[in-house]
Amino acid sequence: MVPPPQRFPPELKSPLQISAAQSYGGPARPQESPPRVQEKARRPSPGHGPRGPIKAAMFSEVSAPREGSSSLLLCRPGSEDPEPSVFDRVQPAYSPCAERFKLGERSFNRQYAHIYATRLMQMSPLLTERAQQKWGADVRVRKLCDLQMGEQCCIVGTLFKHMELQPSILKEISEEHNLLPQPPRTKYISESDELILEDELQRIKLEGNIDVEKFVTGSVIAIYGAEKNDGKFTVEDFCTADLPPQTPRTTLSSDRFVLLLSGLGLGGSHADSMLALQLLVDMVTGQLGDQGEQSGAATISRVLLAGNLLSQSTQDKDASTKAKYLTKKTQAGTVDAMRLLDEMLMQLVASVPVDVMPGQYDPTNYTLPQQPLHHCMFPLSSTYPTLQLASNPHQATLDGVRILGTSGQNVKDIQKYSSMDSHLEILENTLRLRHLAPTAPDTLGCYPFYLKDPFILEECPHVYFSGNAPSYQAKRITGADGQEVLLVAIPEFSSTQTACLVNLRTLECEPIRFSSFSAGDDEESEMNISH
Amino acid sequence: MITYKLIIRQKPKCKDIEHNCDQVSRSAMTAKRAGLITDSYKVVKRSRREEKREKRAPSPPQKDAEPRPLTARDKELQELRQFDLDWRYGPCTGISRLQRWERAALHGLNPPQEIRDMLLSADTDPDYTHCLWSDYPL
């Protein structure tokens, strides 16, 4: 049994707390819905919203302040409710699909050609089928070695984008060029980029009706056109593998929410978001607001932290370059930051199941798939069974809703090597290409797989997210076979103080923003739920 | 009168040639004294012919004997090498032949079952398990 953390002075014990710890292994408590409170506070009628009678789908509606609630909030406790009201948190059926991205033995004695070969082996039957669906069943699908001049046909292969500005280690160390290392840029594209299609044996340059700046190296596509005189292939049309098949999700009876959060940036020099983070923790554990808001917070069934839990400034590069005797006594920046994270997580896991994914600046391996953070770094919170340490591309099923996503490294890499800027657009693009990270292993670090490429999407998720976006974006898309996917670009919490709430019943997402004011203002910090 | 003598001393391949070399040098000197160059030419031709004969001498036994038949092991290794070089199953370096076979089977490329049987029967022999390029660095 876990004692709920005391946040108020003892004489003003908060009577309303959400405790999920009791439902995990403690003695079974009967469902306690405070009868007195229900009579008093009139629940908002399941809505006559602007679109007519709708069920409360938005979190803000579920936890809307009730009439007369202000008096409830500030009244003295104890006289009306003899027992503290505890809202039991909803518990969805959770099953992680962890084996896909876990690495067992790690052998780096392999070249990366194997990933590309398996990628093509896995995707070419799918693409052949799509090509036949799009351009007719009698379209000729040829290998590059069997191409004939002027013949309209379809070819399937991996794209390679030749970019002049792409940093090349060979150019850097070549003595005849006498070049200094190139400074890092935001985008490495230029007008002179060329697209080349490679299949198992040959490669051919592409020109024509294809937008060079939208594609990145490593995407597998099918192209329809003809080879012209000069040895280049003229593209008339192309198609991607598009969305994979989706198992339909079960309809839920009540609203259940998942809180998506990323980019906490703990241990950084700016502590602006610490108060907002504490507000978030308090809101989720039900220690903020009146009963309406607390019962609303009880519908948050899971919290998912999508990467960059530590700030970039904890990655101390000087320690690796300085002499050992200078750095012996200094502690790494990550030690204090991890302690902060552990303490924050302990508050959360006492009340709600949490999935923790590592990100770019977190202490785990650099290459994708990033392995889960080790539980020895969480001495306080790893004693709770509700803490789930997950890998970087993370996949899980919550009540029949498949959730898949990354901490954002794949999206940022594609952003550098293509003309797309919006994280959501890139996310949709990767879904249509049916591949989580097409630029791996070319520009994104990746483990040398040989058996299968685990980044190929075999089943369509219902919620597809990527973390550490500069701003919040969400969209619902529909596939050709009726698949429905909610795309979410989770904003970075350290700069935007915004988290996302996904309703598992309706697949809608809304942002939740915790704004706090600096010490100079007289107003107290407030929490506003805006959408 | 100044005479320039070019003396060619070769590393002797066998005793006869050594003898001939000395003869060459000696006859060169004698030719200059005698004035007949055909003496030295004769010697060279003779030594060449003798060399050819000597070279040809061991060759007839080779032509007569048949090429050694490939043993069963050699045939199997040859088949495995052909499996390595087959482009349909992807790159062969860095992974064992059995792993490559399993990968091909997983992706539905139908690799021949005999290869798998061969690999499983000789799983301790590195010539069987490792690919053609396993001696070379990554």
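Throughout this description, residue numbers start from 1 for each chain and increase along the sequence as written. Labels follow written order: the first chain is A, the first ligand is 1, and so on. In keeping with the predicted nature of the model, local features appear solely for residues at pLDDT of at least 70, side-chain atom pairs appear and are counted solely at 80 or more, and the whole-chain, interface and lining totals rest on all residues. Think of the side-chain values as coming from all heavy atoms in the structure, minus any hydrogens and water.

Labelled according to an unreviewed UniProt entry, chain B appears under the name DNA polymerase delta subunit 4, originating from Coregonus suidteri.

The name given to chain A in an unreviewed UniProt entry is DNA polymerase delta subunit 2, with Coregonus suidteri as the source organism. The record in UniProt for chain A states the following under Sequence similarities (unreviewed entry): "Belongs to the DNA polymerase delta/II small subunit family." UniProt, in the comment section headed Subcellular location (unreviewed entry), describes chain A in these words: "Nucleus". UniProt positions are given in the numbering used here, feature names are shortened, and annotations may be inferred rather than shown by experiment.

Student: Where do I start with the overall build of chain B in this structure?
Tutor: The way it works is that DSSP assigns letters per residue, a run of H or I at least four long becomes a helix, a run of E at least two long becomes a strand, and they are numbered from the N terminus. Regarding its fold elements, chain B presents seven helices and zero strands. Shown N-terminal to C-terminal, the secondary structure of chain B runs as helices and strands in the order α-α-α-α-α-α-α. Looking at chain B as a whole, 24% of its 138 residues are labelled buried. Note on contacts: a residue pair qualifies if any of its non-hydrogen atoms lie within 4.5 Å across the two residues. Restricting to contacts in chain B with at least 6 residues of sequence separation, those with at least 24 account for 43%. Computed with the Shrake-Rupley method and a 1.4 Å probe, the accessible areas treat only the protein chains shown as cover for residues. Within the structure as shown, chain B displays about 10,700 Å² of accessible surface, and the carbon and sulfur contribution to it stands at 54%. Here the term buried applies to any residue with accessible area under 20% of the maximum for its type, exposed to any over 50%, and partly exposed to those in between, with areas from a 1.4 Å probe on protein chains only.

Student: I keep staring at the overall build of chain A and nothing clicks. Help me out?
Tutor: From N to C terminus, chain A includes 13 helices and 22 strands. Looking at the 531 residues of chain A, the share that counts as buried comes to 50%. Considering only residue pairs separated by 6 or more positions, chain A has 75% of its internal contacts joining residues 24 or more positions apart. In the structure as shown, chain A presents an accessible area of about 25,500 Å², 52% of it carried by carbon and sulfur atoms.

Student: What's the story with the interface of chain B and chain A in this structure? I'm lost.
Tutor: Many descriptions give the size of an interface as the accessible area lost when the pieces come together. Taken together, the contact pairs 13 residues of chain B with 16 residues of chain A. Buried area is calculated as the accessible area (1.4 Å probe) missing from two parts once they are joined, with the contributions of both summed. Approximately 1,300 Å² of surface area, both sides summed, lies buried where chain B meets chain A, with 71% of it carried by carbon and sulfur atoms. Taken as a group, B:Trp87, B:His107 and B:Leu138 account for 43% of the area that chain B buries against chain A, more than any other trio of residues on that side. The classification used treats Ala, Val, Leu, Ile, Met, Phe, Trp, Tyr, Cys and Pro as nonpolar, Asp, Glu, Lys and Arg as charged, and all other residues, Gly among them, as polar. Classifying every residue of the side of chain B that touches chain A by side-chain character gives seven nonpolar, five polar and one charged.

Student: Sorry, what's going on with the state of the cysteines here?
Tutor: Here a disulfide denotes one covalent bond, and it connects the sulfur atoms of two cysteines. Residue and element names in this part refer to chain A. Working definition: a disulfide is two cysteine sulfur atoms within 2.5 Å of each other. As enumerated under the stated definition, the model contains zero disulfides over all chains in all. This cysteine, Cys154, is not joined by any disulfide, and Cys239 carries the nearest cysteine sulfur, 6.7 Å off. The exposure class of Cys154 is buried, given its relative accessible area of 0%.

Student: I keep staring at the pattern of salt bridges and nothing clicks. Help me out?
Tutor: Any two side chains of opposite charge can pair, given that their charged atoms come close. Residue and element names in this part refer to chain A. Take a side-chain nitrogen of Lys or Arg and a carboxyl oxygen of Asp or Glu: if they are within 4 Å of each other, that pair is a salt bridge. Counted under the stated rule, the structure contains 25 salt bridges over all chains. Salt-bridge contacts for Glu198 lead to Arg203; the nearest nitrogen and oxygen are separated by 2.5 Å. For Glu198, a relative accessible area of 27% corresponds to the partly exposed category. On the basis of relative accessibility, which here comes to 44%, the residue Arg203 falls in the partly exposed class. Connected through shared salt-bridge partners, Asp242, Glu428, Arg432 and Lys475 make up one network.

Student: What exactly am I supposed to notice about the nonpolar core here?
Tutor: One broad trend across soluble globular proteins is that nonpolar side chains are buried collectively. All names here are of chain A. Ranked by size, the top nonpolar core spans 39 residues in total, and within it Leu259, Leu264, Val284, Leu341, Leu345, Val354 and Val356 carry the most contacts. Elements that contribute at least two residues to this core include exactly β12 (257–261), α6 (274–285), β13 (300–306), α10 (333–349), β14 (354–357), β15 (387–389) and β21 (498–503). Among all residues touching Leu345, those that are not within four sequence positions of it are Leu305, Val354, Val356, Phe378, Ser381 and Leu387. Here, the term nonpolar core denotes a set of buried Ala, Val, Leu, Ile, Met, Phe, Trp, Tyr and Cys residues that are joined through side-chain atoms within 4.5 Å. The next biggest cluster of nonpolar side chains, apart from the first, holds 33 residues, and it includes Phe101, Val411, Ile414 and Leu427.

Student: I tried to follow the sheet that holds β21(A) on my own but got confused; where do I start?
Tutor: Across a sheet, strands are paired by hydrogen bonds formed along the backbone, either parallel or antiparallel in direction. Residues and elements named next belong to chain A. A pair of strands is labelled paired if DSSP reports no fewer than 2 bridges between them. Strand order across the open sheet formed by six strands is β15-β14-β13-β12-β21-β22, with mixed pairing between neighbours. Each edge of the open sheet carries a strand with a single partner, namely β15 and β22 (508–513). Taking each pair of neighbouring strands and ignoring which way they run, the sheet shows an average axis angle of 20 degrees. The pairing of β13 with β14 spans four bridges and is classified as parallel. Residue pairing across strands places Leu304 opposite Asp355, the latter belonging to β14. Fitted lines through C-alpha atoms serve as axes, helices being fitted only where they are in contact, and the angles separating the N-to-C directions of these axes extend from 0 to 180 degrees. Its contacts with the sheet put α10 on β13, β14 and β15, and the angle it makes with β14 is roughly 150 degrees.

Student: Explain the domain arrangement of chain A here, please?
Tutor: Residue and element names in this part refer to chain A. Source of the domain bounds: an automatic or database domain assignment. By the assigned domains, chain A splits into domain 1 (94–103 + 245–313 + 334–530) and domain 2 (113–239). For domain 1 versus domain 2, the separation of C-alpha centres amounts to 33 Å. At the interface, 31 residues of domain 1 touch 27 residues of domain 2. Roughly 2,300 Å² is buried in total at the junction of domain 1 and domain 2, and carbon and sulfur atoms are behind 57% of that figure. Interface area lost by domain 1 to domain 2 is led by Tyr417, Ser419 and Leu433, which between them contribute 25%. Between domain 1 and domain 2 we count two salt bridges in total. Where Asp421 meets Lys187, a salt bridge forms, and the shortest distance between an N and an O atom there is 3.3 Å. Throughout this description, a polar contact denotes any pair of N or O atoms lying within 3.5 Å of each other; where both atoms belong to protein, one of them has to be capable of donating a hydrogen while the other can accept it, and for residues adjacent in sequence the pair is counted only when both atoms sit in side chains. The interface formed by domain 1 and domain 2 contains 12 residue pairs in polar contact (both at pLDDT 80 or more). Mapped onto the side of domain 1 that touches domain 2, the elements with two or more residues apiece are α11 (409–416) and α12 (423–432). Here the side of domain 1 that touches domain 2 gets three residues from one element, more than from any other, and that element is α11. A breakdown of the residues in the side of domain 1 that touches domain 2 according to their chemical character gives 15 nonpolar, seven polar and nine charged.

Student: Sorry if this is basic, but what is going on with the pairing of strand β10 (residues 220–227) of chain A here?
Tutor: For a regular strand, side chains alternate in direction, first toward one face of the sheet and then toward the other. Among the eight residues of β10(A), seven are classified as buried, and the element is accordingly described as predominantly covered. Where β10(A) folds back onto strand β11 (residues 233–239) of chain A in an antiparallel hairpin, the turn is made up of five residues, including A:Gly231, whose phi is positive at roughly 85 degrees.

Student: Looking at this structure, I do not really get the side chain of B:Arg100. What am I missing?
Tutor: Residue and element names in this part refer to chain B. Looking at the secondary structure, you find Arg100 in helix α5 (residues 97–106). A polar atom in the side chain of Arg100 sits 2.8 Å from the backbone oxygen of Gly90. If near-sequence neighbours (up to four positions away) are discounted, Arg100 is found in contact with Phe83, Asp84, Asp86, Tyr89, Gly90, Pro91, Cys92 and Ile95.

Student: Which parts of the structure should I look at to understand α12(A)?
Tutor: Along an α-helix, residues three or four positions apart point the same way, because every turn accommodates 3.6 residues. Residues and elements named next belong to chain A. Among the 10 residues in α12, seven count as buried, and that is most of the element. Turning to α12, its buried residues are His423, Leu424, Ile426, Leu427, Glu428, Thr430 and Leu431. Here the buried face of α12 lies against α11, β18 (463–469), β19 (473–478) and β20 (484–491). Directly after α12, the chain includes Arg434, whose backbone phi takes a positive value near 60 degrees.

Student: Got a minute to help me understand the environment of A:Ala117 in this structure?
Tutor: Positionally, A:Ala117 belongs in helix α4 (residues 113–135). When its relative accessible area of 17% is taken as the criterion, A:Ala117 is described as buried. Separated by 333 residues in the primary sequence, A:Ala117 and A:Tyr450 place their C-alpha atoms 8.3 Å from one another. Ignoring sequence-local partners within four residues, the contact set of A:Ala117 consists of B:Gly90 and B:Pro91.

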